[in-house]
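Spelled out, the chains give:
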Amino acid sequence: TKPLFKKYKILTVKNLYTYHCFMDIFKIIKFQSPISIHSLFKFSKRATSSALITPSPSRHFVYQSAILWNTLHQKFCPDPSKSLSDPKGRLKNALLQHLKTVH
């Protein structure tokens, strides 16, 4: 199945999870909505950072997405105030490239 995913540029389920979690947290940070979820995140106090302070390790969305955001945001979205389309395309292309390099 991997050759078909590569050929037709389809993301795997794991890559779809990464993509959608990252884009969801990007939208939550950018639009501060829904406020009920936005308020669960703690932001770094450093002026030059848009990093999140990770809560206690768990399988919950807040912890998992904070880890994902801190790992990827500098490369794909250093400035959350920018357009949605830029990080969206860059992340998808990177995940597709990763798929090509994994055997």
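Data block above holds the structure.
Reference entry: report on the structure contained in this document.

So, how was this worked out
- Residues numbered from 1 in each chain as written.
- Predicted model: local features only at pLDDT ≥ 70, side-chain atom pairs only at ≥ 80, totals over all residues.
- Heavy atoms only, no water.
- Phe/Tyr/Trp six-rings, centres within 6.5 Å; stacked < 30°, edge-to-face > 60°.
- Helix = DSSP H or I, 4+ residues; strand = E, 2+ residues; numbered from the N terminus.
- Buried < 20%, exposed > 50% of the residue type's maximum accessible area, 1.4 Å probe, protein only.
- Salt bridge = Lys/Arg side-chain N within 4 Å of Asp/Glu carboxyl O.
- Expected span 1.5 Å × (residues − 1).
- Contact = heavy atoms within 4.5 Å.

1. Here we look at the packing of aromatic side chains
Working step 1: Taken as a whole and judged by the stated rule, the model has 3 aromatic pairs.
Working step 2: Residues Phe41 and Phe61 carry aromatic rings whose centres are separated by 6.5 Å and whose planes lie at 80° to one another, so their mutual orientation is edge-to-face. Taken together, the residues Phe41 in the loop between helix 3 (35–38) and strand 1 (42–43) and Phe61 in helix 4 (residues 61–76) connect sequence positions 20 residues apart.
Working step 3: Take Phe61: its relative accessible area is 31%, and that puts it in the partly exposed class.
Working step 4: Taken together, the ring pairs connect Phe22, Phe26 and Trp69 into an aromatic cluster.

2. Some remarks on the pattern of salt bridges
Working step 1: Here the structure, examined in full by the defined rule, presents 1 salt bridge.
Working step 2: Across the pair Arg90 and Asp86 runs a salt bridge whose closest N-O atoms are separated by 3.2 Å. Placement of the pair is Arg90 and Asp86 together in helix 5 (residues 85–101), with a separation of 4 residues, close to one helical turn.
Working step 3: Look at Arg90 and you get partly exposed, because its relative accessible area is 36%.

3. Topic: helix 2 (residues 13–31)
Working step 1: End to end, helix 2 covers 26 Å across 19 residues, agreeing with the expected 27 Å (1.5 Å per residue, within 8%).
Working step 2: Packed against the buried residues of helix 2 are helix 3, strand 1, strand 2 (52–53), helix 4 and helix 5.
Working step 3: Residue Gln32 follows helix 2 closely and has a positive phi angle near 50°.

Nothing here speaks to function; it is all geometry.
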